[in-house]
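Architecture at a glance
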Amino acid sequence: MFKKIHDPSPNSVTVHVDGMPVCAEPGENAATVLLRQAELWVRTTPVSEKRRAPYCMMGVCFDCLALVDGALVQTCLAPVRDGMTIERQLGRRSVAS
Amino acid sequence: MTRRVDLLIVGAGPAGMSAAVAARQYGLDVLVVDEQPVPGGQIWRNIEAVCGTPREKILGKAYSEGLWTVRRFRASGAAYEPATQVWQIEPGPRVLMTRDKIASSVEAGAVLLATGAQERPAPFPGWTLPGVMTVGAAQIVIKTAGQIPDEPVWIAGSGPLPLLYAVQLLKAGGRIAGYLDTTQKGRWMSALPRFATAAAGAPLDMLKGILWLATLRRRVRYISNVSEIEAIGDNAMERLRYVTASGKSETVYARLLLVHEGLVPTIHPTLALGCTHQWNSDQDSYAADLDCWGETSQNGVFVAGDGAGIGGAKAACLRGEIAATGIALKAGVIDDQQAARLARPLRARLARALSARPFLDSLYRPRRSIFVPSDETVACRCEEVNVAGVRAEAARAGRPGPNQIKAFTRAGMGPCQGRQCNYTVANILADAEGRETPDVGLYRVRPPFKPLTLRELATLDSRDAG
């Protein structure tokens, strides 16, 4: 849905989105990486399990919640780093995991 | 570990950075904490990395000007802790926060909340679908990642920000499928009496706005007086329907729609602290009650910047400096006369920086359906409660308030803690119960007002918890 307007940065890092390696740039966050993926969504809701995508990008809507290195966080507030894993969150989280 | 500082500033945007620079000049010991990894706030987000790249030209002069403030802040000697989430503020004042999974508390002689604004929640049918984002979000994506939509995008909204973003997007090589101007018919006439003050006080800003409007009208499909929008789709947005005030309706292919209906001050921290708030009828929002130095009803807690009322970056910087002067006065570093003398030129510049505001507030007053949306519209995004659900409970005896509605429907109980539905629920109740919105009020904000894990909470020392 979104694309970079500049050439790939020479110091790019690799992150994993649902297991697939993708390139990312230092300074961006997990949400902007997710916005570049072919399918635009980051989680399904706990109530109706409908898809959601980043909405506000500034930490107030909580719609960009996903698992970053195993923890459920606002992806728009999660700066990327090499080797980071980003997994879409499916429905309600269970306590025991 | 509890630390002690003279001044704790929450937020490293225009107000927070300017206040930090001024407070350091008064010799105060200053700590600035901020959610983002780098200083700048939302308006100057990621500016240190963007300056000097082609993106700087796309974003424009008002953006690059922020670098000067960021550099002065970096050189000010204020301690700076980015990537920090503040989740509770208590009288004292004492501030509880988390950084890098470790919670801590800070006791401060004064706390300055420079937490800015958020885009006004603007509910319409389909606004939760992937493919619907705010204009501010799309602009943040340019600033932080150098990204633009990869296909023609629809923009629907009212205010200076969507005009600015649309022009930036064209400069970046992006394409706009259509611009739906939701400014209500007749607003120009209502705003006209305030135009002269705006043009006299901020002639360049007004000229810039007129040029943006002219550029868009020339280069993209521009539809005025749009009164209704709807995003349609199943897993993601597929179509956009809009209706104009004259009743013309069209349904178009659309995979990305950017919306914006103005800004509202960030008030979660001051609500959590129990500060008194005042309803601003020109901006249809609340802000904390402040004295002439920006101090709230809670001793030692100050607010500066858009959190004190929407005024833009220039006004935010000045409010930050005024608050720092008030804090220095309270700390006994300067006396009343010195403070008054130092603040006088700042106040004059602040009045000028705010001179276009009454005109903009009047012109871009959102349409009624933004406040009281149609029944099928989702009011609470987190808990997926629609307007009809809130109305059904509002019909109960006893004129329930927002906190009862929260208990009955779960609206406001999700992770955003009412940041996206507080005004909507208040407005629906006011409408259903024949009351005014400020008479209904907002949800009670409870700690922690940003989520933290039990593991993080457990890192607080027992002495901190006291």
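Refer to the structure above for everything that follows.
Counting starts from 1 at the beginning of each chain's written sequence and moves along it residue by residue. Both sets of labels track the order of writing: A upward for chains, 1 upward for ligands. Predicted model: local features are reported for residues with pLDDT of at least 70 only, side-chain atom pairs are reported and counted for 80 or more only, and whole-chain, interface and lining totals are derived from all residues. Water and hydrogen atoms play no part in the side-chain values, which are based on all heavy atoms of the structure.

**Here we look at the overall build of chain B**
As a reminder of what qualifies: We count a stretch as a helix when DSSP gives it H or I for four or more residues in a row; a strand needs E for two or more, and each element gets its number in order from the N terminus. Between the two quantities, the radius of gyration covers C-alpha atoms and the globule rule is 2.2 Å times the number of residues to the power 0.38. Buried means the residue's accessible area, taken with a 1.4 Å probe over protein chains only, is under 20% of the maximum for its type, while exposed means over 50%, and partly exposed covers the values in between. By the convention used here, residues are in contact when the closest approach between their heavy atoms is within 4.5 Å. Each accessible area is a Shrake-Rupley result for a 1.4 Å probe, and residues are judged covered by the shown protein chains and nothing else. Note on charges: Lys and Arg go in the positive column, Asp and Glu in the negative column, and His and the chain ends are not counted at all. Charge coordinates come from a single atom per side chain, which is NZ of Lys, CZ of Arg, CG of Asp or CD of Glu.
The number of helices and strands found in chain B is 21 helices and 22 strands. In terms of overall dimensions, chain B is globule-like: its C-alpha atoms have a radius of gyration of 22 Å, near the 23 Å expected for 466 residues. When the backbone C-alpha atoms are referred to their principal axes, chain B occupies close to 65 × 55 × 40 Å. Burial analysis of chain B (466 residues in total) assigns 60% to the buried set. Long-range contacts, defined here as pairs at least 24 residues apart, represent 67% of the contacts in chain B between residues at least 6 apart. Summing over all exposed atoms, chain B offers an accessible surface of approximately 18,600 Å²; the carbon and sulfur share of this is 52%. One finds the centroid of the 54 positive side-chain charges in chain B at a distance of 5 Å from the centroid of its 44 negative side-chain charges.

**Considerations on the environment of A:Gln74**
Applied cut-off: Any N or O atom pair separated by 3.5 Å or less is treated as a polar contact, with the protein-specific requirement of one donor-capable and one acceptor-capable atom, and with residues adjacent in sequence counted only for side-chain atom pairs.
Relative to the assigned elements, A:Gln74 resides in strand E7 (residues 71-74). Expressed as a C-alpha distance, the spacing of A:Gln74 and A:Met58, which sit 16 residues apart in the sequence, is 9.4 Å. Ignoring sequence-local partners within four residues, the contact set of A:Gln74 consists of A:Gly59, A:Val60, A:Phe62, A:Cys64, A:Leu65, B:Gln85 and B:Lys450. Only 2.9 Å separates the side chain of A:Gln74 from the backbone oxygen of A:Gly59, close enough to count as a polar contact.

**Focus: the state of the cysteines**
Operational definition: Disulfide assignment relies on a single distance test, namely cysteine sulfur atoms paired within 2.5 Å.
In this structure the tally under the stated criterion is zero disulfides over all chains. In this model A:Cys76 remains outside any disulfide bridge; the closest cysteine sulfur is found in A:Cys64, 3.9 Å from its own. By relative accessible area, which is 2% here, A:Cys76 ends up buried. A disulfide-free cysteine, B:Cys317 has its sulfur positioned 15 Å from the sulfur of B:Cys51, the nearest such atom.

**Quick word on the interface of chain A and chain B**
Rule in force here: As used here, buried area is the combined drop in accessible area, with a 1.4 Å probe, of two parts when they are placed together. Whenever Lys or Arg places a side-chain nitrogen within 4 Å of a carboxyl oxygen from Asp or Glu, that contact is recorded as a salt bridge. For this classification, the nonpolar set comprises Ala, Val, Leu, Ile, Met, Phe, Trp, Tyr, Cys and Pro, the charged set comprises Asp, Glu, Lys and Arg, and every other residue, Gly included, is treated as polar. Here the rule is simple: two strands pair whenever DSSP picks up at least two bridges between them.
Residue-level contacts link 36 residues of chain A with 42 residues of chain B. Here chain A and chain B share an interface that buries about 3,600 Å² over both sides, 58% of which is from carbon and sulfur atoms. Of all residues in chain A, the largest losses of buried area upon contact with chain B belong to A:Met1, A:Phe2 and A:Tyr55, amounting jointly to 23% of the total for that side. Here A:Asp63 makes a salt bridge to B:Arg381, at a shortest N to O gap of 2.7 Å. Joining chain A to chain B, the criterion identifies 14 residue pairs in polar contact (both at pLDDT 80 or more). At the level of secondary structure, the elements contributing two or more residues to the side of chain A that touches chain B comprise strand E1 (2-4) and strand E5 (51-52) of chain A. No other element matches the three residues that E1(A) contributes to the side of chain A that touches chain B. Here the side of chain A that touches chain B is built from residues that sort into 20 nonpolar, eight polar and eight charged. Here three bridges tie E1(A) to strand E9 (residues 147-149) of chain B, and the two strands are oriented antiparallel to one another.

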